[in-house]
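Structural features, examined
Residue strings, one per chain:
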Amino acid sequence: MPIVVDIDVMLAKRKMSVGELADRVGITPANLAVLKNGRAKAVRLATLEALCEALACQPGDLLRWEPDDDTTGVGVEDSERDAAKN
């Protein structure tokens, strides 16, 4: 998955446990673990906002993009739009 979740990094920086963060955010520790371990398919903006508030950070401190081995950096839509211009 190209989107990497770095909650572990922020938890370590804030010296906070998963249970404490889950309590502050209002989600179960199991759901936080799904997000933390990169198994989540989506995250609500309200949850991201609550995570940022609890950890005193920005969304970019929690999420980052890493290309897959087969990712070229250009989406299908981009290449189709570029082809249509020519």
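Rules used throughout
- Residues numbered from 1 in each chain as written.
- Predicted model: local features only at pLDDT ≥ 70, side-chain atom pairs only at ≥ 80, totals over all residues.
- Heavy atoms only, no water.
- Helix = DSSP H or I, 4+ residues; strand = E, 2+ residues; numbered from the N terminus.
- Buried < 20%, exposed > 50% of the residue type's maximum accessible area, 1.4 Å probe, protein only.
- Contact = heavy atoms within 4.5 Å.
- Areas by Shrake-Rupley, 256 points an atom, 1.4 Å probe, with all protein chains shown as cover.
- Salt bridge = Lys/Arg side-chain N within 4 Å of Asp/Glu carboxyl O.
- Core = buried A, V, L, I, M, F, W, Y, C linked by side-chain atoms within 4.5 Å.
- Axes fitted to C-alpha atoms, helices over the stretch in contact; angles between N-to-C directions.
- Parallel < 35°, antiparallel > 145°, perpendicular 65-115°, else oblique.
- Left-handed = near helix turned anticlockwise from the far one by under 90°.
- Nonpolar A, V, L, I, M, F, W, Y, C, P; charged D, E, K, R; others polar.

What about the overall build of the protein?
- Along the backbone of the protein there are six helices and two strands.
- The buried share among the 86 residues of the protein stands at 27%.
- Counting only contacts in the protein whose residues sit at least 6 apart along the sequence, the fraction spanning at least 24 positions is 62%.
- Accessible surface computed for the protein: about 6100 Å², of which carbon and sulfur atoms make up 52%.

Focus on the pattern of salt bridges
- Counted according to the given criterion, the structure contains four salt bridges.
- Of the charged contacts, one joins Asp-6 and Arg-64 as a salt bridge, the two residues approaching to 2.5 Å between their closest N and O atoms. Pair noted here: Asp-6 is in the loop between β1 (3-5) and α1 (7-14) and Arg-64 is in strand β2 (residues 63-65), with a separation of 58 residues, a long-range link.
- Taking the relative accessible area as the measure of exposure, Asp-6 reaches 15% and is therefore buried.

Details of the nonpolar core
- Counting residues in hydrophobic clusters, the biggest one holds 19 residues, and the most contacted among them are Ile-7, Leu-21, Leu-51, Leu-55 and Leu-62.
- Taken together, the elements giving at least two residues each to this core come down to α1, α2 (18-25), α3 (29-36) and α4 (45-55).
- Once you skip the residues sitting within four places of it in the chain, Leu-51 turns out to touch Ile-7, Leu-21, Val-25, Leu-32, Leu-35 and Leu-62.

Overview of the packing of α2 against α4
- Packing of α2 against α4 leaves a shortest axis separation of 9 Å and a crossing angle of 120°. In terms of orientation, α2 lies oblique with respect to α4. For α2 against α4, the interelement crossing comes out right-handed. In this structure, α2 uses Leu-21, Arg-24 and Val-25 to contact α4, whose residues at the interface are Thr-47, Ala-50, Leu-51, Ala-54 and Leu-55.
- Residues of the contact of α2 with α4, tallied by class, amount to six nonpolar, one polar and one charged.

Observations concerning α4
- Those residues of α4 not exposed but buried are Thr-47, Leu-48, Ala-50, Leu-51, Cys-52, Ala-54 and Leu-55.
- Here the buried face of α4 lies against α1, α2, α3, α5 (59-62) and β2.

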